[in-house]
Amino acid sequence: MMRKRPEPVQVIKQRRDAALSSLVSGVPFIRFLGVQIDRRGDELTAVLPYDDKLIGNPMLPALHGGATAAFLEITAIMELAWAGLWDDIEGADADVHNDDIPTPRMPKTIDFTVDYLRSGLPRDAYARAKVNRSGRRYASVHVEAWQDNRSRLFAQATGHFLMPSREPKG
Amino acid sequence: MTDSVPKDTTKLARQFIEAIPYARELGMNLEEISDGRAVISMAYNKDLIGDPESGVIHGGAVSALMDTCAGAAVMSHPETPFSTATLDLRIDYMRSATPGHAITAIAECYHVTRTVAFVRATTLDEDTDRPVATATGTFTISRGK
């Protein structure tokens, strides 16, 4: 048995980054909020750079609960879509080259529960999602968001998502 | 029982809601507010699209509308001394909002204790028989010092 020669690192990076950017750049609302997504290997961290338009209570000032909820929901959906893409481009039976990255399939939110732990400061915010269960039809995802200090979360959320139907492989 | 008199809180709440940067940015419009009930509409806007293929707006935009509307309902409640913050908000998405149409949220503060307000909200589009989403939330009641 001959093992396949590993691809050069630049080729892999380029393909992963292209897949991620095709996922993120296609959604107007992500651009509107200004959310960026960092990647290390397959781990994603969403970043919400601070902007005055995100304020919900001008007197404190604090981030709008709706902006925080959106940031968490975006992070959860991107994590799920990314996990699907990852299997397509890096999985055991994937045969993908840099020029044919599959179109991402977007999960749909069924329900989303946000827990506001402390008020969001006028600073950059970060979030990471964990897929706790991903079945053929449904997925359950948990998201945590923080500012400055990873161990002091300012919000967390759990949601259920309807997975897009997979076309049979042909 | 006496008729409910429009409270100062209602006027203050209206001024406050209309000054929220994020609500303005998303194009929210306060339609009604009084005694623990609020109605806020949001016009369709291409910037809010979450699914580029269908043009359906992002769940995060619907969340913002319901969070704001629920918060407004709390602030306008006669028992609320003005300030509030969201503790918890659960949103159920029943169906996609129709692309191109405005959506409207109606929120009602159905129970208030000394420290917490409990709120329900519903979001509708032009098909008012089938909700787009519903939410239940708890909000803090800040009594100050």
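Up top is the structure these notes are about.
The structure contained in this document is the topic of the report that follows. Note that the structure is a prediction, hence the values are computed from the model and not measured.

1. Some words on the interface of chain B and chain A
And step 1. Counting residues at the interface gives 31 residues for chain B, matched by 32 residues for chain A.
And step 2. With both sides pooled, the region where chain B packs onto chain A buries about 2,600 Å², and carbon together with sulfur makes up 61% of that total.
And step 3. Broken down residue by residue, the surface that chain B buries against chain A is led by Tyr22, His58 and Tyr93 of chain B, which jointly contribute 24%.
And step 4. Summed over the shared surface of chain B and chain A, the number is 1 salt bridge.

2. So, the environment of Asp17 of chain A
And step 1. Of note, Asp17 of chain A is situated in helix 1 (residues 9-25).
And step 2. C-alpha separation for the pair Asp17 of chain A and Arg39 of chain A, spaced 22 residues apart in sequence, amounts to 7.9 Å.

3. Considerations on the pattern of salt bridges
And step 1. Using the criterion set out here, one finds 13 salt bridges over all chains in the structure.
And step 2. Here Arg15 of chain A ties to Glu7 of chain A by a salt bridge, and the two come within 2.8 Å at their closest N and O atoms.
And step 3. Overall, Arg15 of chain A belongs to the buried group, its relative accessible area being 2%.
And step 4. On the basis of relative accessibility, which here comes to 35%, the residue Glu7 of chain A falls in the partly exposed class.
And step 5. Between Arg130 of chain B and Asp127 of chain B there is a salt bridge, with the nearest N and O atoms lying 2.9 Å from each other.
And step 6. Note on Arg130 of chain B: relative accessible area 47%, which makes it partly exposed.

4. Side note on empty space enclosed by the protein
All names here are of chain B.
And step 1. The final tally for this structure, using the stated rule, is 1 cavity of 30 Å³ or more.
And step 2. If you trace the largest cavity, you find it lined by Met42, Ala43, Tyr44, Asn45, Leu48, Ile57, His101, Ala102 and Ile103.
And step 3. Taken together, the residues of the lining of the largest cavity sort by class into 7 nonpolar, 2 polar and no charged.

5. Brief notes about helix 3 (residues 65-90) of chain A
And step 1. Here helix 3 of chain A is 26 residues long and its end C-alpha atoms lie 36 Å apart, about the 38 Å a rise of 1.5 Å per residue gives.
And step 2. Of all 26 residues in helix 3 of chain A, 23 are buried, a share of seventy percent or more.

Rules used in this analysis
- Residues numbered from 1 in each chain as written.
- Chains lettered and ligands numbered in written order.
- Predicted model: local features only at pLDDT ≥ 70, side-chain atom pairs only at ≥ 80, totals over all residues.
- Heavy atoms only, no water.
- Contact = heavy atoms within 4.5 Å.
- Buried area = accessible area lost by both parts, 1.4 Å probe.
- Salt bridge = Lys/Arg side-chain N within 4 Å of Asp/Glu carboxyl O.
- Helix = DSSP H or I, 4+ residues; strand = E, 2+ residues; numbered from the N terminus.
- Buried < 20%, exposed > 50% of the residue type's maximum accessible area, 1.4 Å probe, protein only.
- 1 Å grid on protein atoms, 1.4 Å probe; cavity = no way out; pocket = protein on both sides within 12 Å on 5 of 7 lines; lining within 4 Å.
- Points joined across faces, edges and corners; volume = space filled by probe spheres on them.
- Nonpolar A, V, L, I, M, F, W, Y, C, P; charged D, E, K, R; others polar.
- Expected span 1.5 Å × (residues − 1).

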